[in-house]
Amino acid sequence: MRQADINDMDINIGGRDITNLRYADDTALLSDNLTSMKRKLHRVTNAGQQIGLLLNAKKAKVMHIPASKESSNVEPDIKIDRTSLENVDNFKYLGSIKTSDGTCTNEINTRIAMAKQGMVSLNNIWKDKSIPKPLKFKLLKTLIWPRMLYGCETWTMRKADELKIEAAEMWFFRRLRRVSWKDRRTNGNVLAEKGTGRTLLSPVKERRLKYIGHAERNTL
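Residues numbered from 1 in each chain as written. Predicted model: local features only at pLDDT ≥ 70, side-chain atom pairs only at ≥ 80, totals over all residues. Heavy atoms only, no water.

The chain goes by Endonuclease-reverse transcriptase in an unreviewed UniProt entry, where it is assigned to Elysia marginata.

In structure tokens form, the structure reads like this:
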């Protein structure tokens, strides 16, 4: 990336000049206009070819973040060796889904689905009556919640997203306590039996505040 000489085509984000995001072999190039992106990709491609590293056009994706509704339907035509790159509305980077509209609804839905899948895979534990209930709650927080909360520091949440997280939390509690919808028990009743209120949304907000403070200190 150093040989590509793209530092003159950076963009300013949060007071920092950034040209790309890199982790191992996962690289995301950032530009604020189409011309700059084409030039940047051309330089990176040429620099890689000189040392035997070729960019895979089939795996490379382009995500356009529109500045207005009028430009939302514009699909940039960017190529690698005359092969047009696929335009997408979202892509996964380091396990987190990035979307062109800047929301995290897709990411939150994915994390909830993964957490529920993990919950179902541990059914034998939740059914085991020899395991004390307090221990089951600790297992829930240790084994399931990390799946749910991965990357939550960067979530941009709306009220609908918060409601989804709270609904998922109640699904976890009901699954753990073996409470069926046929039992016609309210959420308040289930929480009262548990002896506490909703606790999943609080760490999300705490982590977001800590991350904002961490990012703010780095800009000083």
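Resuming the write-up.
**A closer look at the pairing of strand β9 (residues 90–93)**
As paired elements, β9 and strand β10 (residues 96–99) share four bridges and run antiparallel to each other. Paired with Phe91 across the two strands is Lys98, which belongs to β10. Count of turn residues in the β9/β10 antiparallel hairpin: two residues, of which Leu94 carries a positive phi of about 55°. (Pairing = 2+ DSSP bridges. Helix = DSSP H or I, 4+ residues; strand = E, 2+ residues; numbered from the N terminus.)

**What to know about the confidence of the model for the chain**
On average, residues of the chain carry a pLDDT of 85, and 96% of them reach 70 or more. Element-level pLDDT for the chain is lowest in helix α6 (residues 187–194), with a mean of 78, against a maximum mean of 94 in helix α2 (residues 105–121). (pLDDT = per-residue confidence, 0-100.)

**Topic: the packing of aromatic side chains**
Going through the model one piece at a time under the given rule, you end up with two aromatic pairs. Here Phe137 and Phe173 contribute two aromatic rings whose centre-to-centre distance is 6.1 Å and whose plane-to-plane angle is 80°, an arrangement assigned as edge-to-face. Residue Phe137 is located in helix α4 (residues 133–149), and its partner Phe173 is located in helix α5 (residues 159–176); the two are separated by 36 residues in the primary sequence. With a relative accessible area of 2%, Phe173 lands in the buried category. (Phe/Tyr/Trp six-rings, centres within 6.5 Å; stacked < 30°, edge-to-face > 60°. Buried < 20%, exposed > 50% of the residue type's maximum accessible area, 1.4 Å probe, protein only.)

**Focus: α4**
Under the 1.5 Å per step criterion, the end-to-end length of α4 is 23 Å for 17 residues, consistent within 8% with the ideal 24 Å. The sharpest bend along α4 measures roughly 30° and falls at Leu143, with the proline Pro146 sitting one to four residues further on. Among the residues of α4, Lys136, Phe137, Leu140, Ile144, Trp145, Met148 and Leu149 are the ones counted as buried. Immediately downstream of α4, the backbone of Gly151 shows phi near 75°, a positive value. (Expected span 1.5 Å × (residues − 1). Bend = angle between axes of the 7 residues up to and from the residue.)

**Side note on the packing of α2 against α4**
Between α2 and α4, the shortest axis-to-axis distance is 7 Å and the interhelical angle comes to 150°. By the angle between their directions, the pair α2 and α4 is classed as roughly antiparallel. Helix-helix and strand crossings are classified by hand; for α2 and α4 the assignment is right-handed. Between α2 and α4, the contacting residues are Arg111, Ile112, Met114, Ala115, Gln117, Gly118 and Met119 on the first element and Leu140, Ile144, Arg147 and Met148 on the second. Classifying every residue of the contact of α2 with α4 gives seven nonpolar, two polar and two charged. (Axes fitted to C-alpha atoms, helices over the stretch in contact; angles between N-to-C directions. Parallel < 35°, antiparallel > 145°, perpendicular 65-115°, else oblique. Left-handed = near helix turned anticlockwise from the far one by under 90°. Contact = heavy atoms within 4.5 Å. Nonpolar A, V, L, I, M, F, W, Y, C, P; charged D, E, K, R; others polar.)

**Structural notes on the nonpolar core**
One recurring pattern in soluble globular proteins: nonpolar side chains tend to sit buried together. If you look at the biggest cluster of nonpolar residues, it comprises 27 residues, and the most contacted ones within it are Leu140, Ile144, Met148, Trp155, Ile165, Phe172 and Phe173. Those elements that provide at least two residues to this core are α2, α4, α5, α6 and α7 (201–218). Residues in contact with Ile165, not counting those within four places in the same chain, are Ile108, Ile112, Met148, Trp155, Met157, Leu200 and Leu201. (Core = buried A, V, L, I, M, F, W, Y, C linked by side-chain atoms within 4.5 Å.)

**Focus: helix α1 (residues 34–50)**
In this model α1 runs 25 Å from its N-terminal to its C-terminal C-alpha over 17 residues, within 8% of the 24 Å that 1.5 Å per residue would give. Regarding α1, the residues found buried are Ser36, Met37, Lys40, Leu41, Val44, Thr45, Ala47 and Gly48. Along α1, the residues classed as buried sweep out an arc of 165° about the axis, all on the same side. Among the exposed residues of α1, those oriented more than 90 degrees off its buried face are Thr35, His42 and Gln50. On its buried face, α1 is in contact with β4 (26–29) and β6 (79–80). Between the side-chain oxygen at the start of α1 and the backbone nitrogen of Thr35 there is a gap of 3.2 Å, and the oxygen is on Asn33. Where α1 ends, the next residue or the one after it, Gly52, has phi of about 85°, a positive value. (Arc of directions from axis to C-beta. Polar contact = N/O pair within 3.5 Å; in protein donor to acceptor, adjacent residues only side chain to side chain.)

**A short note on the pattern of salt bridges**
Pairs can form between side chains of opposite charge once their charged atoms are near each other. Summed over all chains, the structure comprises four salt bridges. Across the pair Arg43 and Asp8 runs a salt bridge, and its minimum N-O distance is 3.1 Å. With a gap of 35 residues between them, Arg43 in helix α1 and Asp8 in the segment before β1 (11–13) connect regions that are remote in the sequence. The exposure class assigned to Arg43 is partly exposed, which follows from its relative accessible area of 24%. Accessibility expressed as a relative area gives 51% for Asp8, which makes it exposed. (Salt bridge = Lys/Arg side-chain N within 4 Å of Asp/Glu carboxyl O.)

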